[in-house]
Amino acid sequence: MAPKTAKTAQKRGRPPKALKNAKTLKNDVPETDVLTSLYHDMLLIRRFEEKAGQLYGMGEIGGFCHLYIGQEAVVVGLQSVAEEGDSVVTSYRDHGHMLACGMEAAGVMAELTGREGGYSKGKGGSMHMFSREKNFYGGHGIVAAQVPIGAGLAFAHKYKGDGKVNMAYLGDGAVNQGQVYETFNMAALWDLPVIFVIENNQYGMGTSVNRAAAGLDLCDRGKGYGIPGMQVDGMDVLAVRAAGEIALEHCRSGKGPYILEMKTYRYRGHSMSDPAKYRTREEVDSMRKQHDPIDQLKEMLLREGVDEAALKELDKQVKQVVTGATDFALSSPLPHEDELYTDILVENA
Amino acid sequence: MAIEIKMPALSPTMTEGRLSRWLVKQGDEIKSGDLLAEIETDKATMEVEAVDEGVVTEILVAEGTDNIAVGSVIARLSGDDDTENNTADAAADNSDASSEAPAALQVAEAAPQAPAVPAAPVVAQIAEELDWDGPTKTMTVREALRDAMAEEMRDDERVFVMGEEVAEYQGAYKVTQGLLDEFSDKRVIDTPITEHGFAGLGVGAAFGELRPIIEFMTFNFSMQAIDHIINSAAKTLYMSGGQMGCPIVFRGPNGAASRVAAQHSQCYASWYAHCPGLKVVSPWSAADAKGLLKSAIRDPNPVIFLENEVMYGQSFEVPDHDDWTVPIGKAKVVREGTDVTITAFSIMVGRALEAAEALAQQGISAEVIDLRTIRPLDVETITASVRKTNHLVCTEEGFPFAGVSSEIAMQIMEHCFDYLDAPVERVTGKDVPMPYAENLEKLALPQVDEILQAVHKACYREGGR
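What counts and how
- Residues numbered from 1 in each chain as written.
- Chains lettered and ligands numbered in written order.
- Predicted model: local features only at pLDDT ≥ 70, side-chain atom pairs only at ≥ 80, totals over all residues.
- Heavy atoms only, no water.
- Helix = DSSP H or I, 4+ residues; strand = E, 2+ residues; numbered from the N terminus.
- Rg over C-alpha atoms; globule rule 2.2 N^0.38 Å.
- Buried < 20%, exposed > 50% of the residue type's maximum accessible area, 1.4 Å probe, protein only.
- Contact = heavy atoms within 4.5 Å.
- Lys, Arg positive; Asp, Glu negative; His and termini not counted.
- Charge placed at Lys NZ, Arg CZ, Asp CG, Glu CD.
- Areas by Shrake-Rupley, 256 points an atom, 1.4 Å probe, with all protein chains shown as cover.
- Patch = residues over 30% accessible without salt bridge, like charges linked within 9 Å, V, L, I, M, F, W, Y side chains within 5 Å.
- Salt bridge = Lys/Arg side-chain N within 4 Å of Asp/Glu carboxyl O.
- Buried area = accessible area lost by both parts, 1.4 Å probe.
- Polar contact = N/O pair within 3.5 Å; in protein donor to acceptor, adjacent residues only side chain to side chain.
- Nonpolar A, V, L, I, M, F, W, Y, C, P; charged D, E, K, R; others polar.
- 1 Å grid on protein atoms, 1.4 Å probe; cavity = no way out; pocket = protein on both sides within 12 Å on 5 of 7 lines; lining within 4 Å.
- Points joined across faces, edges and corners; volume = space filled by probe spheres on them.
- Domains from an automatic or database assignment.
- Pairing = 2+ DSSP bridges.
- Axes fitted to C-alpha atoms, helices over the stretch in contact; angles between N-to-C directions.
- Right-handed = clockwise from strand over helix to strand, strands pointing away.
- Parallel < 35°, antiparallel > 145°, perpendicular 65-115°, else oblique.
- Left-handed = near helix turned anticlockwise from the far one by under 90°.
- Phe/Tyr/Trp six-rings, centres within 6.5 Å; stacked < 30°, edge-to-face > 60°.
- Lys NZ or Arg CZ within 6 Å of the ring centre and 35° of its normal.
- Core = buried A, V, L, I, M, F, W, Y, C linked by side-chain atoms within 4.5 Å.

Enquirer: Help me out: how do you make sense of the overall build of chain A in this one?
Expert: When helices and strands are counted, chain A shows eleven helices and eight strands. Scaling as 2.2 N^0.38, a compact globule of 349 residues should have a C-alpha radius of gyration of about 20 Å, and chain A matches this with 20 Å. Once the C-alpha set of chain A is aligned to its principal axes, its extents read approximately 55 × 55 × 40 Å. Residues counted as buried form 60% of the 349 residues belonging to chain A. Expressed as a percentage of contacts within chain A between residues at least 6 apart in sequence, the contacts between residues at least 24 apart total 76%. For chain A, the distance from the average position of its 40 positive side-chain charges to the average position of its 46 negative side-chain charges is 8 Å.

Enquirer: Could you clarify how one ought to interpret the overall build of chain B in this entry?
Expert: Per the secondary structure count, chain B includes 14 helices and 22 strands. Restricting the contact set of chain B to residue pairs at least 6 apart, pairs at least 24 apart contribute 76%. Roughly 19500 Å² of accessible area belongs to chain B as shown, and the carbon and sulfur atoms make up 50% of that amount.

Enquirer: Looking at this model, I keep getting lost on a nonpolar patch on the surface. Mind explaining?
Expert: On the surface, a cluster of nonpolar side chains totalling about 300 Å² of accessible area is made up of M410, M413 and F417 of chain B. Looking at the element boundaries, M410 of chain B is found in helix α12 (residues 404-416).

Enquirer: What is the right way to look at the interface of chain B and chain A in this model?
Expert: Many authors give the size of an interface as the accessible area that is lost as the parts come together. Contacts between the two partners involve 80 residues from chain B and, on the opposite side, 65 residues from chain A. Both faces considered, chain B and chain A share a buried interface measuring about 6100 Å² in area, 60% of it formed by carbon and sulfur atoms. Of all residues in chain B, L201, Y238 and M239 of chain B give up the largest surface area on contact with chain A, accounting jointly for 11% of the area buried on that side. Where chain B touches chain A, the interface holds two salt bridges. Notably, a salt bridge pairs E209 of chain B with R132 of chain A, separated by 3.8 Å at the nearest N-O pair. The tally of links between chain B and chain A comes to 22 residue pairs in polar contact (both at pLDDT 80 or more). Ranked by the residues each element gives to the side of chain B that touches chain A, the list is headed by helix α5 (residues 195-207) of chain B, at eleven residues. Considering only residue class, the side of chain B that touches chain A consists of 40 nonpolar, 25 polar and 15 charged.

Enquirer: Could you clarify how one ought to interpret empty space enclosed by the protein in this entry?
Expert: Gaps left between atoms show up when a probe the size of a water molecule is rolled over them. Residues and elements named next belong to chain B. A complete count under the given rule lists nine cavities of 30 Å³ or more for this structure. In this structure, the second largest cavity is lined by 13 residues; those nearest its centre are S265, E397, F399, V432 and M434. Class assignment of the residues belonging to the lining of the second largest cavity gives a composition of seven nonpolar, four polar and two charged. Two domains each put at least three residues into the lining of the second largest cavity: domain 2 (136-319) and domain 3 (332-458).

Enquirer: So what exactly am I meant to see when it comes to the sheet that holds strand β4 (residues 35-40) of chain B here?
Expert: Pairing between sheet strands relies on hydrogen bonds along the backbone, with the strands arranged either parallel or antiparallel. All names here are of chain B. Taken in spatial order, the four strands of this open sheet run β5-β4-β2-β7, and their pairing is antiparallel. Unpaired on one side and paired on the other, β5 (45-49) and β7 (65-69) mark the two borders of the sheet. Neighbour-to-neighbour, the strand axes of this sheet turn through a mean angle of 40°, independent of strand direction. Note: strand β2 (residues 16-22) against β7, three bridges, orientation antiparallel. Its bridge partner being in β7, G17 is matched across the sheet by I68.

Enquirer: Can you walk me through the pairing of strand β3 (residues 166-171) of chain A in this structure?
Expert: A regular strand carries its side chains on alternate faces of the sheet. Residues and elements named next belong to chain A. Most of β3 is tucked away: five of the six residues are buried. Where strand β1 (residues 87-90) meets β3, three bridges bridge the pair, whose relative direction is parallel. Each bridged residue has a counterpart across the sheet, and for V88 the counterpart in β3 is M167. Handedness of the β3-helix α6 (residues 178-189)-strand β4 (residues 194-200) crossover: right-handed.

Enquirer: Got a minute to help me understand the packing of helix α1 (residues 32-57) of chain A against helix α4 (residues 105-112) of chain A in this structure?
Expert: The axes of two packed helices give the description: the angle between them and the distance between them. Residues and elements named next belong to chain A. Two elements in contact, α1 and α4, have axes separated by 11 Å at closest approach and are oriented at 25°. As the angle between them shows, α1 and α4 are arranged roughly parallel. Both α1 and α4 take part in a crossing whose hand is right-handed. Counting all contacts with α1, which are made through F48, K51, A52 and L55, the residues of α4 involved are A105, V108, M109 and L112. Of the residues assigned to the contact of α1 with α4, the class counts are seven nonpolar, no polar and one charged.

Enquirer: Any chance you could explain the packing of aromatic side chains here in plain terms?
Expert: Where two aromatic rings form a pair, the distance of their centres and the angle of their planes describe that pair. As enumerated under the stated definition, the model contains 18 aromatic pairs over all chains in all. When the ring of Y181 of chain A is compared with that of F184 of chain A, the centres are 5.3 Å apart and the planes differ by 80°; the resulting orientation is edge-to-face. Placement of both Y181 of chain A and F184 of chain A in helix α6 is noted, with a separation of three residues, approximately one turn of the helix. F184 of chain A matches Y181 of chain A in its accessibility class, with the two residues each being buried. Geometry around Y238 of chain B places K123 of chain A over its ring, the cationic atom sitting 4.3 Å from the centre.

Enquirer: Quick question: what am I supposed to make of the pattern of salt bridges here?
Expert: A side chain of one charge can pair with a side chain of the opposite charge if their charged atoms are brought near each other. Tallied over the entire structure, the rule returns 41 salt bridges over all chains. D343 of chain A is the partner of K123 of chain A in a salt bridge, and the nearest nitrogen-oxygen pair spans 3.0 Å. Separated by 220 residues along the polypeptide, K123 of chain A in the loop between α4 and β2 (136-139) and D343 of chain A in the segment after α11 (308-331) bring together distant segments of the chain. Across this residue pair, the class does not change: K123 of chain A and D343 of chain A are buried. A single network of salt bridges, built from pairs that share partners, joins E151, E152, K290, K294, R298 and D323 of chain B.

Enquirer: I tried to follow the packing of α5 of chain B against helix α6 (residues 226-234) of chain B on my own but got confused; where do I start?
Expert: Residues and elements named next belong to chain B. One way to put it is that α5 packs onto α6 with a least axis distance of 8 Å and a crossing angle of 15°. Viewed along their axes, α5 and α6 adopt a mutual orientation that is roughly parallel. Relative to α6, the crossing made by α5 is right-handed. In contact with H196, A199, G200, V203 and F207 of α5, α6 contributes D227, H228, S232 and A233.

Enquirer: Looking at this structure, how should I read the nonpolar core?
Expert: Nonpolar side chains tend to gather and get buried jointly when the protein is soluble and globular. Residues F155 of chain A together with F250 of chain B are the most contacted members of the largest nonpolar core, which totals 82 residues. Among the elements that line this core, the one with the most residues is helix α5 (residues 146-160) of chain A, at eight residues. In this structure F155 of chain A touches L192 of chain A together with F160, M162, I189, L201, A205 and L210 of chain B, once residues within four positions along its chain are discounted. If you look at the next biggest cluster of nonpolar residues, it comprises 72 residues, including V165, V197, V232 and V240 of chain A.

Enquirer: What is the right way to look at the sheet that holds strand β3 (residues 29-30) of chain B in this model?
Expert: All names here are of chain B. Taken in spatial order, the four strands line up as β1-β8-β6-β3 in an open sheet, and their pairing is antiparallel. Only two strands of the sheet have a single neighbouring strand rather than two, namely β1 (2-6) and β3. Sheet topology note: the β1/strand β8 (residues 73-79) ladder contains five bridges and is antiparallel. Paired with I5 across the two strands is A75, which belongs to β8.

Enquirer: How should I be thinking about helix α11 (residues 379-389) of chain B in this particular structure?
Expert: Every α-helical turn comprises 3.6 residues, leaving residues that sit three or four positions apart pointing alike. Residue and element names in this part refer to chain B. When α11 is considered as a whole, its buried residues turn out to be V379, T381, I382, T383, S385, V386 and T389. The elements touched by buried residues of α11 are β17 (332-335), β18 (340-344), β19 (366-370), β21 (392-395) and α12. Looking one or two residues beyond α11, the residue adopting positive phi is N390, at roughly 65°.

Encoded structure:
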């Protein structure tokens, strides 16, 4: 069984002890080009989400819009160690996952603006995007519904014997849904190759995890089913990578599911319409200033001797991608009215 | 280059808000993430963060101003041209649309002139049904369903069956008898009692390009799983813009069994038929059960396959054909007649035929239509019959309110109102939870006598209700 941290009794009614007990697993520092690529991918999500927030404010994006800002290290770290063909499924806070899976920023942004050029032709929106080509299976709007779906994708991997693993991302709010445990049971019973990635950003909408979750740490929620779990500093992309390698190896070798609890933090509200009054500005600021995943990696890159100008250039490139995506998302036409009645059923060939 | 800061929309429904407090002043240098202002919406007061960086050159709206339209310019920044030209460009791109009114408001204003909603397209072409006059075999509905699954599993490695007691126990109602022996536990899988979980898992497997058959021990238990059936299976094709469908069959006994009371006796036909993205099938005869289940397994869409426990043991002639299929979406005239049309599905077909026989003795010629598929509904076959008989009685075991019969009545009004010589009658389950007591249960279920009475009423005969 993989190493895991000593448990901490979480006391209810206290503010979350963000990261205090989170284990940092660090192997040797990867090559600089790997670090640079992680930096690029996290920065792309950050800038993309900032722009999405701005477009929301301008009325260009409607409905719900859940931003991933602050949590970038989780998906970027894990996807950086995944294999081609491993499948991904997540909840509605999904823009970062799509970008990390290699989906085009322009197609994602155009879906946010509800345009023809979006991944779902403007018919899905922020919470409902898919790319079979990139093995991204959504984008699910119902809290925890993606968890059995992820196990089903893992079932298909095992059934086909393709050696691939599913990563099913869920939040600390979703861990209290019954279907999560129905899934843990089946996944363990049938040794399904699935990693349940609990992105513990400390709040399920406005309810802190300590007010919502009884018992042990979330990484231990699979204990009764014999599923190993590990708590990870989800603000440290290298710790995430190292943990991902352990979990992937476990699943790929046929030992069944694995739980990774990523201790992370979202800087923005639950959705755009959340004033986030349930936490203090100081709490948010301290996470931002002391634990920001992008700043931490930037410091490391500079320590490793990467030229600051090179990083600035990277920053510029990312901004260009986001600007290009925005231009596309605002210039792509609205879906044609005939699209109202398409894609309801697959017509028999 | 100046960057405009606009009144942001902070919720899906916000069109205007109050600027309660500025947190910056003219001349301040701001960075991305700095707090700019407090804005009050009808729901909450929220702090607005800066996205762009630069120096505040102008504050255009005073603190305490009410009813500021979303999208109106509230301040300006001097952009740092070196690093911020991209954001400035983006702002410039939008200046056309936003100079007068925000995009969201423009859309709202434009709405009244919007063209009429396009009409729903006509249902797609349905395959022709084979008109079989070859040899047949006598077989129960139970055996027909099992053979349908076995044949499809032999033919397609991707097909597997999963549910409670489907493997080692050989099926709670023995529908999957023998499948474990032939196909092994890789493809015939006993699940824990966990409907929500295995329905969701089945949907994931279908996304992963397998062809799951998910058995519910009874459809009553599908209520535990209905979120996955509707939200995950039925809607994904649409939400993905046609990229990803969900080829899955949810099957099991539906409707009233016998003396099992309210929680185990209910028809789900109208529940599932209500939702776009699903096909709903409910056969009566063994031949249709076999042919339709094979079609359902091959269908690229999620199919709800409603069986009936009472029907499992009934025998019918089934075509002795190595690949007998029946197209989904096609009703069948099971008895021809000229005076009145009776629609039915599943167990009610038998009662409708019994009623037709009794009516014949009374000199009334009833045409009985077995709907077979509830959605897509074969309106064409029903209207063709009503044009001939000019009278319609709809029957079903389900509740009357918003039921399948109500929908058929509406369709007939839309398609051939002028051909009706009398109002449409319906014979349904009573509008009560199913009682346990034998006499009350009988009262709650639609009986042959009630069909007779409804026909008499529709045909203005003595004895009509």
